[in-house]
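Residue-level structure breakdown
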Amino acid sequence: MQSKQFTITERIAKHGSQAIIVIPKILEDNLKPGILTQVTIEILS
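Residues numbered from 1 in each chain as written. Predicted model: local features only at pLDDT ≥ 70, side-chain atom pairs only at ≥ 80, totals over all residues. Heavy atoms only, no water.

**Here we look at the overall build of the chain**
Test applied: For the purposes of this entry, the term helix denotes a DSSP run of H or I that reaches at least four residues, the term strand denotes a run of E that reaches at least two, and both are numbered from the N terminus. Positive charges are assigned to Lys and Arg, negative charges to Asp and Glu, while His and the chain termini are left out of the count. Note on charges: their place is set at NZ of Lys, CZ of Arg, CG of Asp or CD of Glu.
When you go through the chain residue by residue, the secondary structure sums to zero helices and two strands. Expressed as lengths along the three principal axes of its C-alpha atoms, the size of the chain is roughly 35 × 25 × 15 Å. Taken as two groups, the 5 positive and 4 negative side-chain charges of the chain have centres that lie 4 Å from each other.

**Structural notes on the pattern of salt bridges**
Counted only if it meets this: By convention in these notes, a salt bridge is any Lys or Arg side-chain nitrogen within 4 Å of a carboxyl oxygen on Asp or Glu.
The final tally for this structure, using the stated rule, is one salt bridge. Across the pair Glu28 and Lys25 runs a salt bridge whose closest N-O atoms are separated by 3.1 Å.

**Some points on a nonpolar patch on the surface**
For the record, the criterion: Patch definition: residues above 30% relative accessible area lacking any salt bridge, with like charges linked at up to 9 Å and the nonpolar side chains Val, Leu, Ile, Met, Phe, Trp and Tyr linked at up to 5 Å. The protein chains shown are the only cover counted for residues, whose accessible areas, like all others here, come from Shrake-Rupley with a 1.4 Å probe.
Taken together, Ile8, Ile12, Ile21, Ile23, Leu31, Val39, Ile41 and Ile43 make up a surface patch of nonpolar side chains, about 790 Å² in accessible area. Assignment of secondary structure puts Leu31 in the segment after strand S2 (18-20).

And the structure:
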């Protein structure tokens, strides 16, 4: 299986009392339930 890599740079959103990261809809076809992903968070400011 070929590995795919995407870089998303965005501000953290709020959802009630939680901070969330919103994944763009354009990646929906690549991110199906059950797919193993690796998330690395780098704080830029």
